[in-house]
Amino acid sequence: PAAGPRLRRQPGQALTARRVVNARTAGHNGRMNATDILQHPSQVIPTVDYRRERWRNGLGWTREILRLPSDGEDWAVRLSIAEIESDAAFSSFPGVDRELVLLHGNGVRLRFDDGRLEEVLPPHGRVRFAGEQSLHGELVDGTTHDFNLMWRRDTLAAQVLHRPIVGPMYFFTEPDVAWAIHLLAGQPGFDADAGLPPMEQGDTAWLAAGERRRHALHGGGELLAIRLGPAVP
């Protein structure tokens with residue numbers, strides 16, 4: 001595994017990177033360019049750097065991991081952890097697809113206005129749904145922490161994989177393919193030439209799209225791997 005000190009973002013560093021991405025992502029028709037978004041620089045984001053914000057209704061918290069491009073609500077992909085403290089209606093996100101994965105807690109039931117019922121239960125239950133659907137979350141027994149992936153369906157396509165880490169694990173980036181790796185357990189590290197620090201439980205790595213490259217993650221543990229590419233017409 002790669003060795004060395006853990007990297008921390010300096011004040012203003014993330015904002016600068018976001019501005020660079022914003023400048024590149026709008027096309028002539030105002031739509032975001034998926035390839036430029038996915039080429040956001042590779043990094044490991046420590047869990048202590050997640051931005052924690054109270055929900056508007058006061059019934060939970062969001063710890064934002066990463067959003068791209070990122071100023072205001074004009075993003076194409078957003079990774080966060082939702083801390084659900086009480087039964088509550090979910091906010092509407094028109095044009096956005098979502099996937100929710102249980103990280104901690106006894107689970108949550110999602111009741112959709114169309115009668116659909118989904119149970120997100122231990123150990124790592126998950127559900128995918130359209131962001132404009134009306135639904136209400138009901139806690140099974142106590143607070144839950146849930147990994148929350150959201151992406152604009154007219155710009156990006158996303159696939160979420162839940163995998164154990166047993167020995168080396170390989171992720172291939174391409175000009176229009178990036179990966180986000182959220183570590184559920186363990187302390188794996190990337191190859192030394194990746195220029196990325198080792199990961200700790202709860203951290204998230206972003207592997208940028210670009211020249212085709214193999215990223216090897218060594219060690220043991222468990223992760224969520226999110227493959228992101230352009231939306232299919």
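Shown above is the structure to which this text applies.
Here's a quick rundown of the structure. (Residues numbered from 1 in each chain as written. Predicted model: local features only at pLDDT ≥ 70, side-chain atom pairs only at ≥ 80, totals over all residues. Heavy atoms only, no water.)

**Concerning the packing of aromatic side chains**
Part 1 of the argument: The final tally for this structure, using the stated rule, is four aromatic pairs.
Part 2 of the argument: For the ring pair phenylalanine 90 and phenylalanine 129, a centre distance of 6.4 Å and an interplane angle of 70° mean the geometry is edge-to-face. With a gap of 39 residues between them, phenylalanine 90 in the loop between β5 (88–89) and β6 (96–104) and phenylalanine 129 in strand β9 (residues 126–130) connect regions that are remote in the sequence. We note that phenylalanine 90, like phenylalanine 129, is buried.
Part 3 of the argument: Geometrically, the ring pair formed by phenylalanine 112 and phenylalanine 129 is edge-to-face, given 5.7 Å between the ring centres and 70° between the ring planes. One end of the pair, phenylalanine 112, is in strand β7 (residues 108–112); the other, phenylalanine 129, is in strand β9, and 17 residues separate them in sequence.
Part 4 of the argument: Cluster of aromatic residues (ring-pair linked, three or more members): Phe90, Phe112 and Phe129.
Part 5 of the argument: Above the ring of phenylalanine 112, the side-chain terminus of arginine 116 is found at 4.5 Å from the ring centroid.
Part 6 of the argument: When the ring centre of tryptophan 75 is taken as reference, the NZ or CZ atom of arginine 152 above it lies at 4.6 Å. (Phe/Tyr/Trp six-rings, centres within 6.5 Å; stacked < 30°, edge-to-face > 60°. Helix = DSSP H or I, 4+ residues; strand = E, 2+ residues; numbered from the N terminus. Buried < 20%, exposed > 50% of the residue type's maximum accessible area, 1.4 Å probe, protein only. Lys NZ or Arg CZ within 6 Å of the ring centre and 35° of its normal.)

**A few points about the sheet that holds strand β4 (residues 75–84)**
Part 1 of the argument: The strand order across the open sheet formed by six strands is β2-β3-β4-β11-β6-β9, and the pairing between neighbours is antiparallel. The sheet is open, and its two borders are formed by β2 (51–54) and β9, each paired with just one other strand. Taking the axes of each pair of neighbouring strands and ignoring which way they run, one obtains an average angle of 25° across the sheet.
Part 2 of the argument: Of the pairings in the sheet, the one linking β6 to β9 comprises five bridges and is antiparallel in character. (Pairing = 2+ DSSP bridges. Axes fitted to C-alpha atoms, helices over the stretch in contact; angles between N-to-C directions.)

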